[in-house]
Amino acid sequence: MGRGKISNINMSGDSDLEIEEAFRRAQKAHNNKAKLVASLKNRYNKLEDKTEFHEEFIRCLKYAMIIYTREPAVENVIDFVTKFAASFETPVNEDAEEEEEEDENEFLNFLFSFLLESHGANSHAVRFRVCQLVNKLLGSLSENAQIDDGLCDRIHEAMLIRVTDKYPNVRIQAALAMARLQDPSNSDCPTIKAYVLLLENDSNPEVRRAVLSCIAPSVSTLTKIYKRTRDVKEKVRKLAYQVLAEKVHIRALSIAQRVSLLHEGLSDSADSVKEVVKTHLLPAWLRLVQGDVLQLLHKLDVENCAETAVTTLHAIFSMATSPDDLLQNGVRLDERKLIPVDSLTCENVLYWRALCEFVKSKGNEGEELLEQLLPEAAIFAEYLYSYLRSITGLSEEQKADMTQLEMAMTQEFVGQQLILLVGCLDSSEEGGRKRMVAVLQEILVMPNTPTSLIGLLVEKLIGLLRDETQKIRMVAEIISDVREPILPISAPVDENEKRRKQVRLAEVRVQIMEAKQTLEECISCQDFSRAAVLKDSISQLEELKNQLTLEASQSADNIKEQRVEKSDPETLLKCLTMCAELFKQINIKRGICPTMNALIESLILPSVSNPNPAVRNMAVICLGTAALHSKDLANTHLVLLLQICELRTETAEGLAKLMYCGRILSPKLLSRLVLLWYNPVTEDDQRLRHCLGVFLQLYARASRTNQECVEESFLPTMRTLFNAPVTSPLSEVDASNVAELFVELTRPSALVQPAAVQAVSVHDSLAVRICNEILRDISAPEVRLYCKTLSWLEINTEPGPANSELQLLLKDILQEVKDKYCTRVIEKLCNQLNGDRCSKSGSNQDTTLLTLDENTAEVTKEEIKPKRAKRGQKKASTAKNGKLANKAELSSDEGDEENVPEAPPSVRPSRRAKIAALDKTKQDLTALMNQEANGS
């Protein structure tokens, strides 16, 4: 069967012509396929023996099945075959006899059997057409169609095999074909498992899209569908949102999933994905809540996702056809254009704010509508003040009560949205603007104002002021009023003096009582002269009593008003928050003015060492923000700022990225990063350790220039470790491990693209640096480590200036070094350099002599090629090449005698090298013996 059009078929017989003619006409789209199906089926029903018809039908079908490309003629034939086969389906009738149903389904069963027998064909075109036909046949059957259980199982098994096919188009059709074979209620459904496997692992996006289009949402598949909204391919993400909009109820998703879908979808990099969220997902969710936007917001938990909710509302507003729709679907404003305080909720206040911001963004076009949504600035200022004043602070006991805590959080959220509405007000009217400024000042000074609202209040206050000097002065005054409020204070009273006066007053009162009693007695005895004296004495005592009573009352009322500095964490946090917001809003080019400098010295720097962590963190933020205004200030407190885990990590990561991109080339900075990586202080900072570890590997492998930078940073790093005092954390670092890291990073073989020709490698220049460092102080304890490092290097043994310089340095070290270990390492290195040169000359001589003398044993160039020495080991090729060279030179009548030349002591081979040389000699002799045996 060859590849070609069906119209080229030549058949004989009347029935054959009808089949051929049907297939020929089916290729053309304008032909009525229903008539072709009816005519061909009529012919089929008249036949008693269907075998010949089946065979000819399949023969014609095969011409279409071997064509892989989606040509219109072939697709028309496939559609015709599908409709013809589906026409044999009989509606389910309980009264119908099974024999009649089997007769009607005979052709359908025959076609399915043929397709299932062909699904494993070698041709990918045939496999594709088989799966396509199975997909179309199953899709064309009615919902209540019945298929033999055995046939259904065969179809299922075949398609499960084909979803793992090599060709994506075959997998797509197989996945589509299994859509009606899945059972979402069965957790062990093989189709569902295959779908999940394809969704998570198939590399072809079209396959993932096909699975998304037909997988049934269920408890087990919903999370898989949800994950596809973050697929790398735009089309897959788009379809995932469409499936969720059309097939999944909003109640089936958790709050976190709903928020994530809206956040990721509305901020997607592809406009088509954003559009499908706006036109499919949001309308579908709104329909489920009967168009109630506030109810939809309630299902999103706006307190914890305010910005996502605002973005969602803006998307809804953008689809509104008229301004009336915006007003009717949202909040209910009173005659003052305000929401009554007792009617404020998280949802309606957020809707109000989002709508005002959306209308304001329209510019002049939205001015008229904005006037209907907001009152004048002065009215809104009083409204805001009345609400924020009603917020009460919670004690520690009240914070333990979740009900009261949630209520307080709701109040803070509503207050936050009202403060944000200040930005939508018309501040052009001077009276309203001044009143709003005054109200914001009062709110900031109030002790019950939540700390979470301070930054936002300062931002709106600064936004209403026009002069920067006024901004700084006003915020500084507010900070002073909050930190040092005016409080009534009573003057200190001397307790002894107070007690003495009380005793004196009591004595006077007793004296008055006694004098009055004596006066009565004198009057009764008619002693009027003494009575007059007593009367004068009583008057004097009464005056004294009144004076003492007045003094006591004056001391009790001696209360003065004066500023008292508060240092509790809540007060400091409020002041620091205002200070941080001020530094953010002020122009960075202005610099540090005296008022700002006073805030830094009196408030920020002392708070850096505060025991409360929240105060410390905010103080660091203030100091870092202030450092952006002054380079001198940044240099002064840089060491302090780098003591923070977060700032140090961000700084190191930023510098690493700049170095990797080639923006910075600094061996000193690289040395600091290496030391930071090894420093025990950063042991718990996993992010920093991971970042620097990845950076060092990628940076050193990127280019030869980077390796040279690593080489230059080696000695500064090692000196820092060796000179670290005992109290420093760096004294705990293993210097040997650091040296090994530098050796690995600078290996020529570590480069991603090694240079084709390298006269001097980085290890060569590093060896020279190390030798010079050793000669600086030959008795230093670090000399042993430097010598050990030399043994790890891959030094180029080619003759050259660098090699000669290195040999001279090594000889100088041998003359001065006294340590036996160092001497042994340096000698090995010298032997390695000298030995390679001797072995190379010997190898050249061996090759020449062996070419001239044909009677000697055959030795290939592979056998005389010197091996590369391992770290710290001599090359074994020296002894072997020397032995072969002497054999060649002494090849004569005495050549049968064993001649082992005396090797120089400096190039004595190791035991392993001797064994390797003997093994090769044995192999050569064996080959020679076999050759002689064959010759004889």
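As a starting point, this report considers the structure included with it.

Cut-offs used in this document
Residues numbered from 1 in each chain as written. Predicted model: local features only at pLDDT ≥ 70, side-chain atom pairs only at ≥ 80, totals over all residues. Heavy atoms only, no water. Helix = DSSP H or I, 4+ residues; strand = E, 2+ residues; numbered from the N terminus. Buried < 20%, exposed > 50% of the residue type's maximum accessible area, 1.4 Å probe, protein only. Contact = heavy atoms within 4.5 Å. Areas by Shrake-Rupley, 256 points an atom, 1.4 Å probe, with all protein chains shown as cover. Core = buried A, V, L, I, M, F, W, Y, C linked by side-chain atoms within 4.5 Å. Axes fitted to C-alpha atoms, helices over the stretch in contact; angles between N-to-C directions. Parallel < 35°, antiparallel > 145°, perpendicular 65-115°, else oblique. Left-handed = near helix turned anticlockwise from the far one by under 90°. Nonpolar A, V, L, I, M, F, W, Y, C, P; charged D, E, K, R; others polar. Phe/Tyr/Trp six-rings, centres within 6.5 Å; stacked < 30°, edge-to-face > 60°. Salt bridge = Lys/Arg side-chain N within 4 Å of Asp/Glu carboxyl O. Patch = residues over 30% accessible without salt bridge, like charges linked within 9 Å, V, L, I, M, F, W, Y side chains within 5 Å. Lys, Arg positive; Asp, Glu negative; His and termini not counted. Charge placed at Lys NZ, Arg CZ, Asp CG, Glu CD. Disulfide = S-S within 2.5 Å. Expected span 1.5 Å × (residues − 1). Polar contact = N/O pair within 3.5 Å; in protein donor to acceptor, adjacent residues only side chain to side chain.

### Let's talk about the overall build of the protein
- Along the backbone of the protein there are 46 helices and two strands.
- Going through the 936 residues of the protein one by one, you find that 42% of them count as buried.
- For the protein, restricting intrachain contacts to residue pairs at least 6 apart in sequence, the fraction spanning at least 24 positions comes to 70%.
- Of the roughly 51300 Å² of accessible surface on the protein, 50% is carried by carbon and sulfur atoms.

### Here's the deal with the nonpolar core
- Ranked by size, the top nonpolar core spans 188 residues in total, and within it Leu 111, Trp 352, Phe 380 and Leu 418 carry the most contacts.
- The dominant element in this core, judged by the number of residues it contributes, is helix H19 (residues 346–360), at ten residues.
- Those residues in contact with Trp 352 that sit more than four places away from it in its chain are Val 331, Leu 333, Lys 337, Leu 338, Ile 339, Leu 373, Leu 374, Phe 380, Tyr 383, Leu 418 and Leu 421.
- Membership of the second largest hydrophobic core comes to 58 residues, among which are Tyr 678, Ala 724, Phe 742 and Cys 787.

### Examining the packing of helix H7 (residues 124–140) against helix H9 (residues 168–177)
- One can describe the packing of H7 onto H9 by two numbers: an axis separation of 8 Å at closest approach and a directional angle of 20°. Considering the angle they form, H7 stands roughly parallel to H9. Between H7 and H9 the crossing geometry is left-handed. The segment H7 lies against H9, with His 124, Arg 127, Phe 128, Cys 131, Gln 132, Val 134, Asn 135 and Leu 138 engaging Asn 169, Val 170, Gln 173, Ala 174, Leu 176 and Ala 177.
- For the contact of H7 with H9, the class distribution of residues is eight nonpolar, five polar and one charged.

### With respect to the packing of aromatic side chains
- Within the structure shown, the criterion is met by 27 aromatic pairs.
- When the ring of Phe 317 is compared with that of Phe 358, the centres are 5.5 Å apart and the planes differ by 55°; the resulting orientation is tilted. Note that Phe 317 is positioned in helix H17 (residues 306–318) and Phe 358 in helix H19, a separation of 41 residues in sequence.
- The class of Phe 317 is buried, set by a relative accessible area of 3%.

### Comments concerning the pattern of salt bridges
- Applying the stated criterion across every chain yields a total of 39 salt bridges.
- The closest approach of N and O atoms between Arg 162 and Asp 165, which form a salt bridge, is 3.1 Å. You'll find Arg 162 and Asp 165 in the same group, each marked buried.

### Some details on the environment of Val 439
- As for its placement among the helices and strands, Val 439 is situated in helix H24 (residues 430–445).
- Remark: the alpha-carbon pair of Val 439 and Ala 381, spanning 58 residues in sequence, is separated by 6.3 Å.
- For Val 439, the contacting residues outside a window of four places in its chain are Ala 381, Glu 382 and Tyr 385.

### Remarks on the environment of Val 293
- Mapped onto the elements, Val 293 comes out in helix H16 (residues 293–298).
- Put simply, Val 293 and Tyr 351 are 58 residues apart on the chain and 8.6 Å apart in space, counted from C-alpha to C-alpha.

### Remarks on a negative patch on the surface
- On the surface, Glu 367, Glu 368, Glu 371, Glu 376, Asp 426 and Glu 429 cluster together into a negatively charged patch.
- Take Asp 426: it is sitting in the loop between helix H23 (402–420) and H24.

### Thoughts on the packing of helix H2 (residues 33–46) against helix H4 (residues 72–86)
- The N-to-C vectors of H2 and H4 enclose an angle of 50°; their axes lie 10 Å apart at closest approach. Viewed along their axes, H2 and H4 adopt a mutual orientation that is oblique. The way H2 lies across H4 gives a crossing that is right-handed. Contacts from Lys 33, Leu 36, Val 37, Leu 40 and Lys 41 in H2 reach Asn 76, Phe 80, Lys 83 and Phe 84 in H4.
- Its residues assigned to classes, the contact of H2 with H4 shows five nonpolar, one polar and three charged.

### Observations regarding unusual backbone geometry
- We note that Lys 337 has phi near 65°; this positive angle belongs to a residue other than glycine.
- Considering the arrangement of structural elements, one finds Lys 337 in the loop between helix H18 (323–328) and H19.
- Residue Gln 526 is not a glycine yet carries a positive backbone phi of 60°.
- Inspection of the secondary structure assignment puts Gln 526 in the loop between helix H27 (495–524) and helix H28 (528–556).

### Section: the side chain of Lys 471
- The residue Lys 471 is located in helix H26 (residues 468–483) in this model.
- One buried charged residue, Lys 471, remains without a salt bridge, the closest side chain of opposite sign being Glu 468 at 5.1 Å.
- Once residues lying within four places of it in the same chain are set aside, the contact partners of Lys 471 are Ile 462, Leu 465, Arg 466, Leu 582 and Ile 586.

### Focus on the side chain of Asn 610
- Here Asn 610 shows up in the loop between helix H30 (594–608) and helix H31 (613–627).
- For Asn 610, a relative accessible area of 14% puts it in the buried group.
- Excluding residues that lie within four positions of it along the chain, Asn 610 makes contacts with Leu 572, Val 615 and Arg 616.

### Thoughts on the state of the cysteines
- Here the structure, examined in full by the defined rule, presents zero disulfides.
- As a non-bridged cysteine, Cys 579 has Cys 622 as the owner of its nearest cysteine sulfur, 4.8 Å distant.
- Residue Cys 579 is classed as buried on the basis of its relative accessible area of 0%.

### A few points about the environment of Pro 569
- Among the secondary structure elements, Pro 569 is positioned in helix H29 (residues 569–585).
- In the structure, Pro 569 is positioned 43 residues away from Asn 612 in sequence and 6.7 Å away in space, judged by C-alpha atoms.
- Look past the residues within four positions of Pro 569 in its chain and what remains in contact with it is Asn 612 and Val 615.

### Section: H7
- Helix length check: H7 (17 residues) gives 24 Å between terminal C-alpha atoms against 24 Å at 1.5 Å per residue, within 8%.
- Within H7, 13 of the 17 residues are buried, leaving the element largely enclosed by the surrounding structure.
- Two or three places before Ala 125, at the opening of H7, Ser 123 has a side-chain oxygen 3.3 Å from that residue's backbone nitrogen.

### Some details on helix H39 (residues 735–745)
- Burial analysis of H39 places eight of its eleven residues in the buried class, which makes it a mostly covered element.
- On its buried face, H39 sits against helix H35 (667–678), helix H36 (686–702), helix H37 (704–712), helix H38 (714–722), helix H40 (762–776) and helix H41 (783–792).
- At the N-terminal end of H39, a side-chain oxygen is found 3.2 Å from the backbone nitrogen of Ser 736, two or three residues along, and the residue is Asp 734.

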